[in-house]
Amino acid sequence: MFGLFGSKKQEKDLRDNLSLHKFEMEFPKVIETFKIAPNRRASKTERYAEIEGVARYILERVVKEAERAGKMKAQDDLAAAAAFSALLCDYLGRCGGLEDSDVRELQGFVPGFVFPRVAAQLMKSTGDFRTIVSKGLFKYDSLNKKRGAAVLGRLEDNVSQFICQRDPQYLVAIGEGMVELK
């Protein structure tokens, strides 16, 4: 049946295109369902503000779920959360049509906003925040290029399912999977 689409590359392109259309249809529903209020900043588009708001919401909930499960105990756990945040911002930015520079900005800004709110106690005992986020971004880059593609793929699939189905159970699964990024 897949032969109808032509080559494997054409099939992959078609699947990616369909995924982007699904994302465009479901993304506004996520904002509405969870009552996420985007914060507009000067020189940033409305789309940037929406993606930032959703990324902050998802990261905050995932970190809370990981803490509740007892999986956020050390600096490496925060670095894993920062690596997940980089994955999350990359996925949302890519599907949402943001430029690479905006995605990179979000990868540092989102954990900078979320961690002090939800992991303040853990941050006090781990040291410099910039070091933790830098370590997480480096970990994400190295995993993206090497052996961690399967782990990143599973996490990205769960984020995609959360966007499409808006079921908080996917956030629990993401919190459990995030620990694999250590």
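In this convention, every chain numbers its residues from 1, walking through the sequence in written order. Only residues with pLDDT of at least 70 are given local features in this predicted model, and only at 80 or more are side-chain atom pairs given and counted; all residues enter the totals for whole chains, interfaces and linings. Side-chain descriptors were evaluated using all non-hydrogen atoms of the structure, hydrogens and water having been removed beforehand.

Just to be clear on terms, a salt bridge is a Lys or Arg side-chain nitrogen sitting within 4 Å of an Asp or Glu carboxyl oxygen. Applying the stated criterion across every chain yields a total of 19 salt bridges. Between Glu52 and Arg41 there is a salt bridge, and its shortest N-O distance comes to 3.2 Å. Taken together, the residues span a long stretch of sequence, with Glu52 in helix H2 (residues 46-68) and Arg41 in the loop between helix H1 (8-33) and H2 at a distance of eleven residues. Of the residues examined, Glu52 reaches a relative accessible area of 2% and is grouped as buried. A run of H or I in DSSP becomes a helix once it reaches four residues, and a run of E becomes a strand once it reaches two; helices and strands are each numbered from the N terminus. Burial classes: relative accessible area under 20% of the type maximum marks a residue as buried, over 50% as exposed, and values in between as partly exposed (1.4 Å probe, protein chains only).

Time to look at the nonpolar core. Ranked by internal contacts, the top residues of the largest apolar core, which has 53 residues, are Val54, Ile58, Phe84, Leu92, Ile163 and Leu181. Secondary structure elements with two or more residues in this core: H1, H2, helix H3 (75-96), helix H4 (100-118), helix H5 (120-126), helix H6 (129-145), helix H7 (149-165) and helix H8 (169-178). The element contributing the most residues to this core is H3, with 13 residues. Residues are treated as being in contact if the distance between any of their heavy atoms lies within 4.5 Å. Ignoring any residue separated from it by four or fewer positions in sequence, one finds Ile58 in contact with Phe84, Leu88, Phe162, Ile163 and Leu171. Only buried Ala, Val, Leu, Ile, Met, Phe, Trp, Tyr and Cys residues count toward a nonpolar core, and they belong to the same one when joined by side-chain atoms within 4.5 Å.

Regarding H8, the residues found buried are Leu171, Ile174, Gly175, Gly177 and Met178. On an axial view of H8, the arc spanned by its buried residues comes to 165 degrees, and they lie on one face. Packed against the buried residues of H8 are H2, H3 and H7. The arc under discussion is defined with respect to the helix axis, by the directions toward the C-beta atoms.

Turning our attention to the confidence of the model for the chain. Averaged over all residues, the pLDDT of the chain equals 85, while 87% of them reach at least 70. The quantity called pLDDT is the predictor's confidence in a given residue, expressed from 0 to 100. By mean pLDDT, H5 is the weakest element of the chain at 69, and H2 is the strongest at 94.

Here the focus is the packing of H3 against H7. Following both chains from N to C, one finds H3 and H7 inclined at 55 degrees, their axes separated by 10 Å at the closest point. As far as their axial angle goes, H7 and H3 are oblique. Relative to H7, H3 is oriented so that their crossing is right-handed. Facing H3, whose interface residues are Phe84, Leu87, Leu88, Tyr91, Leu92 and Arg94, H7 presents Leu152, Leu155, Glu156, Val159, Ser160 and Ile163. In the scheme used here, Gly and all other residues not listed as nonpolar or charged are polar, with Ala, Val, Leu, Ile, Met, Phe, Trp, Tyr, Cys and Pro taken as nonpolar and Asp, Glu, Lys and Arg as charged. Residue composition of the contact of H3 with H7, grouped by class: nine nonpolar, one polar and two charged. Convention adopted: a line fitted to C-alpha atoms gives each axis, helices being fitted over their contacting stretch, and angles between N-to-C directions are expressed from 0 to 180 degrees. The scheme is simple: roughly parallel for angles under 35 degrees, roughly antiparallel for over 145, roughly perpendicular for 65 to 115, oblique for anything else. The hand of a helix crossing depends on one turn: near helix anticlockwise from the far one by less than a right angle means left-handed, and clockwise means right-handed.

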